[in-house]
Amino acid sequence: GGPAPGRYVPGVVLVRFHDGVTADQARALAGALGLKIERVLPMGHTYLLRIVDGSSVPDAVARLRARPEVRAADPDYLTPRSPLPAPIPGAAAPR
């Protein structure tokens, strides 16, 4: 069973490469799999990849997970954000 549709950002995947994989190797591997590096994330060796060959997120994740250079690959799951607290009626604005 793959991830439920609509619960992750469409068109992108998160991938973490093993230590020792260079940025050039990551770029080459992404290109070979129909992906493009969108962003390098602050966690080590982790990239946000855009799917450029029209394949689905589950397909891209499966292709990445099959590669020995890849430590982890996942959809970019949507995380619920807490709404801002509503203003209290009649409360004075902070000065």
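Whatever comes next refers back to the structure up there.
Before going into details, it helps to say that this report is about the structure given with it. (Residues numbered from 1 in each chain as written. Predicted model: local features only at pLDDT ≥ 70, side-chain atom pairs only at ≥ 80, totals over all residues. Heavy atoms only, no water.)

1. What to know about helix H2 (residues 57–65)
Point 1. Among the residues of H2, those classed as buried are Val 57, Ala 60, Val 61 and Leu 64. Across the axial projection of H2, the buried residues extend over an arc of 100°, all falling on one side.
Point 2. In this structure, the buried residues of H2 make contact with strand S1 (8–17), strand S2 (35–41), strand S3 (46–51) and strand S4 (70–77).
Point 3. In this structure Ser 56 caps H2, since a side-chain oxygen of it lies 3.2 Å from the backbone nitrogen of Asp 59. (Buried < 20%, exposed > 50% of the residue type's maximum accessible area, 1.4 Å probe, protein only. Helix = DSSP H or I, 4+ residues; strand = E, 2+ residues; numbered from the N terminus. Arc of directions from axis to C-beta. Contact = heavy atoms within 4.5 Å. Polar contact = N/O pair within 3.5 Å; in protein donor to acceptor, adjacent residues only side chain to side chain.)

2. A few points about the sheet that holds S2
Within a sheet, adjacent strands bond to each other through the backbone by hydrogen bonds, running parallel or antiparallel.
Point 1. Reading across the sheet, the four strands line up as S2-S3-S1-S4 and stay open at both edges, with antiparallel pairing between neighbours. Each of the sheet's edge strands pairs with one partner strand only, and the pair in question is S2 and S4. On average, each strand axis in the sheet is inclined to that of its neighbour by 30°, with strand direction left out of account.
Point 2. In terms of strand pairing, S2 meets S3 through six bridges, oriented antiparallel. Of the residues in S3, the one forming a bridge with Leu 35 is Ile 51.
Point 3. Along the sheet face, helix H1 (residues 23–32) touches S1, S2, S3 and S4 and points at about 145° away from the line of S2.
Point 4. Together, S1, S2, S3 and S4 form the strand contacts of H2, whose direction differs from that of S1 by roughly 10°. (Pairing = 2+ DSSP bridges. Axes fitted to C-alpha atoms, helices over the stretch in contact; angles between N-to-C directions.)

3. Focus on the pairing of S3
Point 1. Counting buried residues in S3 gives five out of six residues, a clear majority hidden from the surface.
Point 2. Two strands pair when backbone bridges link them, and S1 and S3 are joined in this way by five bridges, in the antiparallel orientation. Along S3, the bridge assignment pairs Val 12 with Arg 50.
Point 3. Count of turn residues in the S2/S3 antiparallel hairpin: four residues, of which His 45 carries a positive phi of about 60°.

4. Re the pattern of salt bridges
Opposite charge on two side chains permits them to pair, given that their charged atoms come into close proximity.
Point 1. Counting across every chain of the model gives six salt bridges.
Point 2. The shortest N-O distance in the salt bridge between Arg 27 and Asp 24 comes to 2.8 Å. You can see Arg 27 and its partner Asp 24 sitting in helix H1, three residues apart, about one turn around the helix.
Point 3. Given the relative accessible area of 49%, Arg 27 is considered partly exposed.
Point 4. Take Asp 24: its relative accessible area is 56%, and that puts it in the exposed class.
Point 5. With its nearest N and O atoms 3.3 Å apart, the salt bridge here joins Arg 67 to Glu 69. (Salt bridge = Lys/Arg side-chain N within 4 Å of Asp/Glu carboxyl O.)

5. Notes on the environment of Arg 39
Point 1. One can find Arg 39 in strand S2.
Point 2. Assessed through its relative accessible area of 47%, Arg 39 is described here as partly exposed.
Point 3. Residues Arg 39 and Leu 14, 25 residues apart in the sequence, show an inter-C-alpha distance of 9.7 Å.
Point 4. Filtering out sequence-adjacent residues up to four positions away, Arg 39 remains in contact with Tyr 47 and Leu 48.

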